[in-house]
Every structure is written in structure tokens, then in C-alpha cells.
Amino acid sequence: MENNKTIIRASWWAITGNAALAVLKLTVGFVAGSYAVLADGVDSATDIAAFIVILVAARLISRPPNIRFPYGYTKAETIATRILSLIIFFAGAQLAYTTVARMITGASSDVPSVFAIYVTVISIAFKIILAFFLYRTGKKIDSLMLITGAKNMRNDIFISSSVLFSLLCTVIFNLPVIDLIIASIISGFIMYSAFRIFMKSNIELMDGIDDPQVYHELFDAVHKVRGASNPHRVRARKIGNLYLVNLDIEVDPDLTVSQAHRIAENVEKSIKSSMKNIYDIMVHVEPLGNLESGEQYGISTEEMKNRKH
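About the cut-offs
Residues numbered from 1 in each chain as written. Predicted model: local features only at pLDDT ≥ 70, side-chain atom pairs only at ≥ 80, totals over all residues. Heavy atoms only, no water. Helix = DSSP H or I, 4+ residues; strand = E, 2+ residues; numbered from the N terminus. Rg over C-alpha atoms; globule rule 2.2 N^0.38 Å. Buried < 20%, exposed > 50% of the residue type's maximum accessible area, 1.4 Å probe, protein only. Contact = heavy atoms within 4.5 Å. Areas by Shrake-Rupley, 256 points an atom, 1.4 Å probe, with all protein chains shown as cover. Lys, Arg positive; Asp, Glu negative; His and termini not counted. Charge placed at Lys NZ, Arg CZ, Asp CG, Glu CD. Core = buried A, V, L, I, M, F, W, Y, C linked by side-chain atoms within 4.5 Å. Patch = residues over 30% accessible without salt bridge, like charges linked within 9 Å, V, L, I, M, F, W, Y side chains within 5 Å. Salt bridge = Lys/Arg side-chain N within 4 Å of Asp/Glu carboxyl O. Polar contact = N/O pair within 3.5 Å; in protein donor to acceptor, adjacent residues only side chain to side chain. Pairing = 2+ DSSP bridges. Right-handed = clockwise from strand over helix to strand, strands pointing away. Expected span 1.5 Å × (residues − 1). Arc of directions from axis to C-beta. Axes fitted to C-alpha atoms, helices over the stretch in contact; angles between N-to-C directions. Parallel < 35°, antiparallel > 145°, perpendicular 65-115°, else oblique. Left-handed = near helix turned anticlockwise from the far one by under 90°. Nonpolar A, V, L, I, M, F, W, Y, C, P; charged D, E, K, R; others polar.

Things to note about the overall build of the protein chain
Link 1 in the chain: Helix and strand content of the protein chain: 9 helices and 3 strands.
Link 2 in the chain: Secondary structure of the protein chain in N-to-C order comes out as α-α-α-α-α-α-α-β-β-α-β-α.
Link 3 in the chain: In terms of overall dimensions, the protein chain is more spread out than a globule: its C-alpha atoms have a radius of gyration of 25 Å, far above the 19 Å expected for 309 residues.
Link 4 in the chain: When the 309 residues of the protein chain are sorted by exposure, 48% land in the buried category.
Link 5 in the chain: For the protein chain, contacts bridging at least 24 residues in sequence account for 74% of all contacts bridging at least 6.
Link 6 in the chain: About 16300 Å² of surface is accessible on the protein chain, with carbon and sulfur atoms providing 63% of the total.
Link 7 in the chain: Separation between the mean location of the 30 positive side-chain charges and that of the 27 negative ones in the protein chain comes to 6 Å.

So, in C-alpha cells, the structure goes:
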């Protein structure tokens, strides 16, 4: 719950800041006659839409589990990240179409006003502060949405820096076409960033893990528990920023059900004390030396050892 409040607060900061920047850059872009500044303004406008999506997702995440969604609404974060990537890609595609069409038709352009340079410098300074704030907050609560937003802000710093370079070249060399060229390059970068975000969200939607170190931590936690042997069929997937873990362990077959259950409880405690952001753990207990055919899902200790080599 506290993490959701943090996401909501950070989103409102991002929405307010980007709204101010978008209005400023779009206005100056029109008045000063700079397509690169307009492109930067469009990018800031997409950031507003992106953080509104994050804001809505954060409110969904706070809902408790129910019969229809027994795991809760935490996956809304992954869906929001995917929607965010589509919004960013669409904005980049629209910008690319406009600038390339203008270059092909040879529409005349004027040299942008020097005032556009000052606005771009202000934009870069603000985005550096906002990117640092979002990334630090996202890392602190392990929120993919905020980290994605921070990376998008980091991309915006590069974009605004490119705009600044184009404005300086345009004013110095009196070549308005430079402004259009930089705007088209920015649009390509926006679409590429959106594609990377989209592909990363696929891992989580397909119940994958992009950091294999998680499995090393799981096996190490199990090996600390006396009586728990041969952890196998280990599966971990993320629901938002939380891990859902399933695994099998083997115990002495002569133990009572109560004793075996206690070992399973100790495995759960060991994992929770070793790893952060655990949503739930399911431990299946088998007799020592048990072999079952057809077990094709999950990770074993042997597979992790082979991966090192």
C-alpha cells in the first residue's frame, strides 16, 4: 500500500512537471518556428499521458484480491508499462511522418528564434532532476513502471540535448533544414525506446525472469535449511514488483507430516529473509530420492551449475 502511494506521488510530480514543459516548449516551438522544439514538446506531452497511465495502474494495484482476480491487481503495472510503450511509439511515428513529409515536400522554414535555445536549456536541467528522482524512487520500491518512466526521462535528456545542438547549428549556420533533420532523428529514437520497453514487458507477461540471479538466491536460501534437500522444479515469476515462487524439496521419508511441514515452513522463512519483494511461496514436499517422469517445468540446481559454464 505504501509503495502505491509512493508511485502516485511520483506520478503527480512527473505529470505536473511535464505539463509545464510541454506547454512551454509547444508554445515556444510555434512562436520561434522550431520543429525540433515542437518535437521535444510532443515528447513531453506523451510523458503526461504515460504517467497518467501509471497513476491509474497504481490505483488499480491497491485493490485487494477477489474471486475473479485471486492474485490481486498487481499485474496492472505490467499492462500499464505496455500501454506506455505504445503511447510513446505512436507519438514518435506521428512526429516522424510530419518532419519527413515536410523535408520531402521542401516546405520553406525560417531560422528559429534564439529564445528557443533558452527554453531547451531549462528543459534539460529539469529533466535531469526528474529522471534522477524517478529512478531513485523506482529502485527503492522496485517499481518497473517508475523505472521505465525514469528511463524515458533519461531519453528525453538526450532528445533535448539534440534539440539544443540543432538550434545552435541552425542559428550559427543559418540552415533551417538542420532543425528538421534533428526532429526526424529524435522521432526515430522515440520509437526505438518504445520498442525496447514493449519487448521488456513481454518477459513479465510470459512469466519470465530477466535476472537469473534470483534463482541463485532461491537455491542458497533452501540450502540453509536443515533437512531440506535437492530443491528442484523451482519457478519464479513476477506479479508487478513481487515474486511468486514455486519449488519442490526432498525430505527424509521417515519424518512425520508435521515434521516435514515444519521444514517447508523454514524454507519459506529462509527465502523471505534472503529475498525482498516476495508475494507468495508454495513449497511441495517429496520423499528423499523421489523420481517422477514427465517433470519438464522449473529450474534445478544442476541447470544453474551448467549455466555458469
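Things to note about the nonpolar core
Link 1 in the chain: The biggest cluster of nonpolar side chains holds 50 residues, and the ones touching the most others in it are I7, L134, M145 and V163.
Link 2 in the chain: Contributions of two or more residues to this core are made by α1 (2-32), α2 (35-61), α3 (76-105), α4 (115-141), α5 (144-173) and α6 (177-205).
Link 3 in the chain: Ranked by residues supplied to this core, first place goes to α2 with 12 residues.
Link 4 in the chain: One finds V225, A236, L247 and I278 within the second-largest nonpolar core, a separate group that totals 25 residues.

Observations concerning a nonpolar patch on the surface
Link 1 in the chain: Together, V100, M103, I104, V177, I181 and I185 give the surface a local cluster of nonpolar side chains, amounting to about 520 Å² of exposed area.
Link 2 in the chain: Counting residues per element, the ones that place at least two in the nonpolar patch are α3 and α6.
Link 3 in the chain: On the basis of relative accessibility, which here comes to 52%, the residue I185 falls in the exposed class.

Some points on the side chain of E286
Link 1 in the chain: Positionally, E286 belongs in strand β3 (residues 278-287).
Link 2 in the chain: Salt bridges are absent for the buried E286, whose nearest opposite-charge side chain, R233, sits at 5.1 Å.
Link 3 in the chain: Looking at E286, its side chain comes within polar contact range of the side chain of H232, at 3.2 Å.

Considerations on the pairing of β3
Link 1 in the chain: By the bridge criterion, 9 bridges tie strand β2 (residues 242-251) to β3 in an arrangement that is parallel. For L244, the partnering residue across the bridge sits in β3 and is D280.
Link 2 in the chain: The β-α-β motif built from β2, the intervening helix α8 (residues 257-274) and the parallel element β3 has right-handed crossover chirality.

Remarks on α5
Link 1 in the chain: Counted at 1.5 Å a residue, the expected span for α5 with its 30 residues is 44 Å, and the 43 Å between its end C-alpha atoms agrees.
Link 2 in the chain: Along α5, 21 of the 30 residues are buried, which leaves the element largely enclosed by surrounding structure.
Link 3 in the chain: A positive backbone phi angle near 55° is found at N174, which sits one or two residues after α5.

Some remarks on α8
Link 1 in the chain: Over its 18 residues, α8 extends 26 Å from the first C-alpha to the last, a length consistent with the 26 Å expected when each residue adds 1.5 Å.
Link 2 in the chain: Here α8 has its buried residues at A260, I263, A264, V267, S270 and I271. Projected down its long axis, α8 carries its buried residues within an arc of 115°, all on one side. Counted as exposed and oriented over 90 degrees from the buried face of α8: K269 and S273.
Link 3 in the chain: Structurally, α8 contributes buried residues whose contacts are with α7 (213-223), β2 and β3.

A few points about the packing of α7 against α8
Link 1 in the chain: Axis separation between α7 and α8 bottoms out at 8 Å; the angle between their running directions is 135°. One way to sum up the angle between α7 and α8 is to call them oblique. Here α7 runs over α8; the crossing is right-handed. Of the residues in α8, those touching α7 at L218, A221 and V222 are V267, S270, I271 and S274.
Link 2 in the chain: Among the residues forming the contact of α7 with α8, the class breakdown is 5 nonpolar, 2 polar and no charged.

Details of the pairing of strand β1 (residues 229-239)
Link 1 in the chain: Bridge analysis of β1 against β2 gives 7 bridges, and the strand direction is antiparallel. Bridge assignment links R237 to a residue of β2, and that residue is L244.
Link 2 in the chain: The hairpin formed by β1 and β2 contains 2 residues between the paired strands, and G240 there has a positive phi angle of roughly 70°.

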